[in-house]
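A look at the structure
The chain contents come next:
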Amino acid sequence: MKISNIAPHVRQAALITACGAALVTGTAAADEHTLTIGMSFQELNNEYFVTMQEALETAASSLGAEVIVTDARHDVSKQVSDVEDMIQRGIDILLLNPADSVGVETAVLSAQEAGVTTVAIDAQAEGPVDGFVGSKNYDAGYLACEYMAEQLGGEGQIALLDGIPVVPILQRIEGCTDALNQYDGIEIVTTQNGRQERTHAMTVTENIIQANPDLDGLFSVNDIGSLGALIAIEASGQDIKLVSVDGHPEAVAEIQKADSPFIATSAQYPADMVRVGLGLALAKHWGAETAPAEIPIDVQLIDRDRAADFSW
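Residues numbered from 1 in each chain as written. Predicted model: local features only at pLDDT ≥ 70, side-chain atom pairs only at ≥ 80, totals over all residues. Heavy atoms only, no water.

Comments concerning the environment of G156
Topologically, G156 is positioned in strand 6 (residues 155–162). In the structure, G156 is positioned 29 residues away from G185 in sequence and 6.3 Å away in space, judged by C-alpha atoms. Excluding anything up to four places from it in sequence, G156 contacts G185, I186, E187 and D216. (Helix = DSSP H or I, 4+ residues; strand = E, 2+ residues; numbered from the N terminus. Contact = heavy atoms within 4.5 Å.)

This is the structure in structure tokens:
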């Protein structure tokens, strides 16, 4: 079943419910202790995560809370070390954006042992987390690739660029694959790791195009990688349509260009995501018994018609 008409927005009931429940509970339960919130990012060399960091700091400031932020730089060993350091510094809440969903379990266990409330943000984490908030990543992959297939008239050769070993990336690939498999005339010719990095994705895409001279379309699991892929596509001179996931400002600007190969991205809402995550963590930390274990955040397909009015 196609899901191109999925409800997309944004300031949804989850945001109101999670934050509202947390603040009401906090009014009754908070004491003179200054709340300390730690957030470990998989990377901060990406405006998506910078937007998330800024939203967290604004929300924490409104609570009078202290914030500690670390950047794992896609190194799960560094991320585990960062989390252990934050625990030693006395954090009450850990918001964890995993560099590796499985490899980060050691950090989750350390946080649990220390009595730290842990909520995974954007990507799931193995181990005893208290909650998870993330985009509907299967939908993100499905929407982008369904749109690409429609623009190709249901026929053509498609390549996929995947990324780091976290559940959201796998879900985006799964959603994309399921969408493309609805069309008998679509062939997925290769799936390769673009590492979600601009330079590496550009090189990988160059090699894909050389190996597949009749390539018609490409899906990247994130916008930064897609912007590298775009360089390779434009250099090739071939008519290859490009779709992705995130809603990054550079990608949205590129999509607005009438002659760009970049035709759509499934947009996420990083500021909403971290606000909901913080609200859920506060609710759990202050003992709310009805707070959910998982809150999914809707995505929205941004094509040329919608790009001018979209921003994080």
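A few points about the packing of helix 3 (residues 76–88) against helix 4 (residues 105–113)
Where helix 3 contacts helix 4, the two axes come as close as 8 Å, and the packing angle between them is 10°. Classed by the angle they form, the pair helix 3 and helix 4 counts as roughly parallel. Here helix 3 contributes V80, V83, E84 and I87 to the contact with helix 4, which in turn contributes T106, A107, S110 and A111. Along the lines of polarity and charge, the residues of the contact of helix 3 with helix 4 split into five nonpolar, two polar and one charged. (Axes fitted to C-alpha atoms, helices over the stretch in contact; angles between N-to-C directions. Parallel < 35°, antiparallel > 145°, perpendicular 65-115°, else oblique. Nonpolar A, V, L, I, M, F, W, Y, C, P; charged D, E, K, R; others polar.)

Quick notes on the nonpolar core
I37, M39, M52, L95, I121 and V133 are the most contacted members of the largest nonpolar core, which has 55 residues in total. The element best represented in this core is helix 10 (residues 270–285), accounting for nine residues. Excluding residues within four positions of it along the chain, M39 makes contact with M52, L56, I68, V69, T70, M86, L95, N97, I121 and V274. If you look at the next biggest cluster of nonpolar residues, it comprises 29 residues, including I173, I186, V245 and A264. (Core = buried A, V, L, I, M, F, W, Y, C linked by side-chain atoms within 4.5 Å. Buried < 20%, exposed > 50% of the residue type's maximum accessible area, 1.4 Å probe, protein only.)

Remarks on the sheet that holds strand 7 (residues 185–193)
In space, the six strands of this open sheet follow the order 7-6-8-9-10-12, with mixed pairing throughout. Looking at which strands have only one partner, the edges of the open sheet turn out to be strand 7 and strand 12 (300–303). Taking each pair of neighbouring strands and ignoring which way they run, the sheet shows an average axis angle of 20°. Relative to strand 12, strand 10 (residues 262–267) is paired through four bridges, and the arrangement is antiparallel. Its bridge partner being in strand 12, T265 is matched across the sheet by I302. (Pairing = 2+ DSSP bridges.)

Digging into the pairing of strand 3 (residues 93–96)
Side-chain alternation along strand 3 places I93 and L95 on one buried face and L94 and L96 on a second face that is also buried. Where strand 1 (residues 36–41) lies against strand 3, four bridges are found, and the strand directions are parallel. The residue of strand 3 that forms the bridge with G38 is L94. Where strand 3 and strand 4 (residues 117–121) come together, four bridges link them in parallel fashion. Bridging across to strand 4, L96 finds its partner in A120. The handedness of the strand 3 to strand 4 crossover, carried by helix 4, is right-handed. (Right-handed = clockwise from strand over helix to strand, strands pointing away.)

Section: the sheet that holds strand 1
Taken in spatial order, the six strands make up an open sheet running 2-1-3-4-5-11, and their pairing is parallel. At either margin of the open sheet sits one strand with a lone partner, and together these are strand 2 (66–71) and strand 11 (294–297). Here the average twist between neighbouring strands, direction ignored, is 15°. The pairing of strand 1 with strand 2 spans six bridges and is classified as parallel. Residue pairing in the sheet places F41 in a bridge with D71 of strand 2.

Here we look at the packing of helix 5 (residues 137–151) against helix 6 (residues 167–180)
To characterise two packed helices, one gives the angle between the axes of the helices and the distance between these axes. Packing of helix 5 against helix 6 leaves a shortest axis separation of 6 Å and a crossing angle of 35°. Two packed elements cross with a definite hand, and for helix 5 against helix 6 that hand is right-handed. Seen from helix 5, the contacting residues are N137, Y138, G141, Y142, C145, E146, M148 and A149; seen from helix 6, they are P168, Q171, R172, E174, G175, C176, D178, A179 and L180. Residues that form the contact of helix 5 with helix 6 fall into these classes: nine nonpolar, four polar and four charged. (Left-handed = near helix turned anticlockwise from the far one by under 90°.)

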